[in-house]
Amino acid sequence: LMFLALLSVIYTYARFIEPNMIIKRETTIQTWFKSKIVLVSDIHIWVFHKPRFLEKITSKINNILWVDYVLMAGDLTYYPKEDLKKVFSPLKKLKYKSFAVLGNHDEEMPGPPIQKALKEALEVNNITYLENDYVKYNWTYILWLWDDWAGKDRVELIDNFKKEDNLIVISHNPDTVLDYKGNIADLTVSGHTHGWQIRIPFIYKKVIPSRLVMTWTWYAFDRWFYEI
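Residues numbered from 1 in each chain as written. Predicted model: local features only at pLDDT ≥ 70, side-chain atom pairs only at ≥ 80, totals over all residues. Heavy atoms only, no water.

Let us look at the overall build of the chain. Looking only at helices and strands, one finds five helices and ten strands in the chain. Taken across its 228 residues, the chain has 48% of its residues classed as buried. Here the chain has roughly 12,400 Å² of accessible surface; of this, 57% comes from carbon and sulfur atoms. (Helix = DSSP H or I, 4+ residues; strand = E, 2+ residues; numbered from the N terminus. Buried < 20%, exposed > 50% of the residue type's maximum accessible area, 1.4 Å probe, protein only. Areas by Shrake-Rupley, 256 points an atom, 1.4 Å probe, with all protein chains shown as cover.)

Next comes the structure, spelled out in structure tokens:
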């Protein structure tokens, strides 16, 4: 009986409490430029969270003092049940410039074909969204690479940049970095592995959906890389 009660408590915490907690982690990474970036990823609206969770995220970000921009690294949805423009409307209150890339669940891997509707919803709510393209913002270039699982991450676009361009790459899947050919990107940000949300000893390395087998960390090999 006690064992069943313990399982019930664990399930309740894992399903209804922990997913709704917002934990802010700060990490300093050496690059060739100074910048303060907020990274948000794998919100999975409708499987882990209801749309009101975005209001909590927006408030949390707006309370951070001095941010250059917000990067959203994909898997924003999971079989959404409402109009996406309405679902993402809380993001319109973000006071910092924000950019987003799609993840595998936004790209039918798995999930419904929502790319066009999601793009429109993000743009209506002041989130800049591009497809294998870039923008220059302040003293950095930001390059969007689509999801690795969807086979749309055109890493050859990095070859168009020079080291002094202060290039930041945003790609949902950290495995994208394995296809890099040179040492140009100063920083790559990704999501996909869900950080330390679930980390069962000796098992987590077998189930993390990444060839790099990373959880929450920064990783360096010929370039700086930060992934949560």
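Picking up after the structure, the text goes on.
Turning to helix α2 (residues 53-62), a few remarks are in order. Every buried residue of α2 is accounted for by F53, L54, I57, T58, I61 and N62. The arc that holds every buried residue of α2, seen down its axis, measures 170°, which confines them to one face. In this fold, the buried residues of α2 make contact with β1 (37-40), β2 (69-72) and α3 (84-87). (Arc of directions from axis to C-beta. Contact = heavy atoms within 4.5 Å.)

The next point concerns the packing of aromatic side chains. Taken as a whole and assessed by the stated rule, the structure comprises eight aromatic pairs. Their ring planes at 65° and their centres at 5.4 Å tell us that F99 and W144 sit as a pair that is edge-to-face. One end of the pair, F99, is in strand β3 (residues 98-100); the other, W144, is in strand β6 (residues 140-145), with 45 residues separating them in the sequence. Here a set of aromatic residues connected by ring pairs shows up, and it is made of Y69, F99, Y137 and W144. (Phe/Tyr/Trp six-rings, centres within 6.5 Å; stacked < 30°, edge-to-face > 60°.)

Taken together, four strands build an open sheet; the order of strands is β1-β2-β3-β4 and the sheet is parallel. If you trace the sheet from one side to the other, it starts and ends with β1 and β4 (127-129), each paired once. Averaged over all pairs of adjacent strands, the angle between strand axes in this sheet comes to 25°, irrespective of strand direction. The strands touched by helix α4 (residues 115-124) within the sheet are β3 and β4, with β4 carrying the most contacts at an inclination of about 140°. (Pairing = 2+ DSSP bridges. Axes fitted to C-alpha atoms, helices over the stretch in contact; angles between N-to-C directions.)

Right, let's get into the confidence of the model for the chain. Of all residues in the chain, 79% attain a pLDDT of 70 or more, and the chain-wide mean is 79. Least confident of the elements in the chain is strand β10 (residues 224-227), whose mean pLDDT is 39; most confident is β3, at 94. Between residues 219-228, whose pLDDT stays under 50, and residues either more than four places distant or in other chains, the model counts 49 contacts. (pLDDT = per-residue confidence, 0-100.)

This brings us to the nonpolar core. Within the largest apolar cluster, 29 residues are counted, with the highest numbers of intra-cluster contacts made by I43, L54, I61, V70, M72 and F88. With four residues, the top contributor of residues to this core is α2. Residues in contact with I61, not counting those within four places in the same chain, are V38, V40, V70, L94 and Y96. Of all hydrophobic cores here, the second largest spans 14 residues; its members include V101, W144, I168 and L187. (Core = buried A, V, L, I, M, F, W, Y, C linked by side-chain atoms within 4.5 Å.)

In this fold, D42 is placed in the loop between β1 and α2. In this structure the C-alpha to C-alpha distance between D42 and M72, which are 30 residues apart in sequence, comes to 8.5 Å. In this view, D42 contacts G74, D75, H172, G191, H192 and H194; residues no more than four positions away in its chain are not counted. In this structure the side chain of D42 is engaged in a polar contact, spanning 2.5 Å, whose partner is the side chain of S41. (Polar contact = N/O pair within 3.5 Å; in protein donor to acceptor, adjacent residues only side chain to side chain.)

As a further point, take a positive patch on the surface. Taken together, K50, R52, K56 and K81 make up a surface patch of like positive charges. By the element assignment, K50 lies in the loop between β1 and α2. Residue K50 is classed as partly exposed on the basis of its relative accessible area of 40%. (Patch = residues over 30% accessible without salt bridge, like charges linked within 9 Å, V, L, I, M, F, W, Y side chains within 5 Å. Salt bridge = Lys/Arg side-chain N within 4 Å of Asp/Glu carboxyl O. Lys, Arg positive; Asp, Glu negative; His and termini not counted. Charge placed at Lys NZ, Arg CZ, Asp CG, Glu CD.)

Our next topic: the pattern of salt bridges. Overall, the coordinates contain four salt bridges when judged by the stated rule. E120 is paired through a salt bridge with K116; the nearest N and O atoms lie 2.7 Å apart. In this pair, E120 and K116 are both assigned in helix α4, four residues apart and thus about one turn of the helix distant. Take E120: its relative accessible area is 31%, and that puts it in the partly exposed class. For D165, the salt bridge goes to K162, with nearest N and O atoms at 4.0 Å. Judged by its relative accessible area of 46%, K162 falls in the partly exposed class.

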